Amino acid sequence: MKTKERYCFLVCSGCPTPGRSRYTTHKRAKASYKLSKSKYCRFCRKHAIHVEKKL
Ligand SMILES: [Zn+2]
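Each chain has its residues counted from 1, following the order in which its sequence is written. With the structure being a predicted model, the display of local features is reserved for residues of pLDDT at least 70 and the display and counting of side-chain atom pairs for 80 or more, all residues being used for whole-chain, interface and lining totals. Each side-chain value is worked out from all heavy atoms of the structure, with water and hydrogens disregarded.

Undergrad: I keep staring at the overall build of the chain and nothing clicks. Help me out?
TA: The helix and strand tally for the chain stands at zero helices and four strands. Secondary structure counts use DSSP, requiring at least four H or I residues in a row for a helix and at least two E residues in a row for a strand, with both numbered from the N terminus. Going from the N terminus to the C terminus, the chain shows its helices and strands as β-β-β-β. Per-residue accessibility, obtained with a 1.4 Å probe over protein chains only, is compared with the maximum for each type, and a residue is labelled buried under 20%, exposed over 50%, and partly exposed between these values. Going through the 55 residues of the chain one by one, you find that 27% of them count as buried. Of the contacts formed within the chain by residues at least 6 apart in sequence, a portion of 39% connects residues at least 24 apart. Taken as a whole, the chain presents about 4500 Å² of accessible surface, with 51% of it coming from carbon and sulfur. Any two residues having at least one pair of non-hydrogen atoms within 4.5 Å are treated as being in contact. Computed by Shrake-Rupley with a 1.4 Å probe, the accessible areas treat only the displayed protein chains as cover when residues are assessed.

Undergrad: Just to check I follow, could you spell out the side chain of Thr25 for this structure?
TA: Among the secondary structure elements, Thr25 is positioned in strand β2 (residues 22-28). Assessed through its relative accessible area of 13%, Thr25 is described here as buried. Excluding its chain neighbours within four sequence positions, the residues that come into contact with Thr25 are Arg6, Tyr7, Cys8, Leu10, Leu35 and Lys37.

Undergrad: Explain the sheet that holds strand β1 (residues 5-12) to me, please; I cannot follow it from the model alone.
TA: One key point about sheets: their strands pair by backbone hydrogen bonds, in either a parallel or an antiparallel sense. Each pair of strands is called paired provided DSSP finds at least two bridges between the two strands. Ordered by their spatial adjacency, four strands build an open sheet running β2-β1-β4-β3, and the pairing between neighbours is antiparallel. What marks the edges here is a single partner per strand, and that holds for β2 and β3 (36-41). With strand direction ignored, the average angle separating the axes of adjacent strands in the sheet is 40°. Pairing between β1 and strand β4 (residues 46-53): four bridges, direction antiparallel. Bridge pairing in β4 links Phe9 to Lys53. Here, axes are lines fitted to C-alpha atoms. For helices the fit covers the stretch in contact, and angles between N-to-C directions go from 0 to 180 degrees.

Undergrad: I'm lost on the coordination of the zinc ion in this one. Help?
TA: Tetrahedral metal sites with four donors have an ideal angle of 109.5 degrees; octahedral sites with six donors have ideal angles of 90 or 180 degrees. Donor atoms from the polypeptide that bind the zinc ion are Cys12 (SG), Cys15 (SG), Cys41 (SG) and Cys44 (SG), placed at 2.2 to 2.3 Å. Of note, the donors binding the zinc ion are all from one chain and are spaced C-x2-C-x25-C-x2-C. Of this pair, Cys12 sits in strand β1 while Cys41 sits in strand β3; the two residues are 29 residues apart in sequence, bridging distant segments of the chain. Classification of Cys41 as buried rests on a relative accessible area of 0%. Counted as coordinating are nitrogen, oxygen and sulfur atoms within 2.8 Å of the metal, or 3.2 Å for Na, K and Ca, while water is not included, which may make sites look incomplete.

Shape descriptors only; they carry no functional weight alone.
Written out as structure tokens, the structure is:
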């Protein structure tokens, strides 16, 4: 990889047990912002905000 990127997890923020619904994504290593994306959660059975969580 030429550009420095690191992998991180996006976990559903609506689940009672956090971390069940996970998506892997990656972002630039020095990015300071927190990732949050609307993804389909099969446990909530709807689209929910997934927020970044460290590995
Ligand atoms: Zn969920």
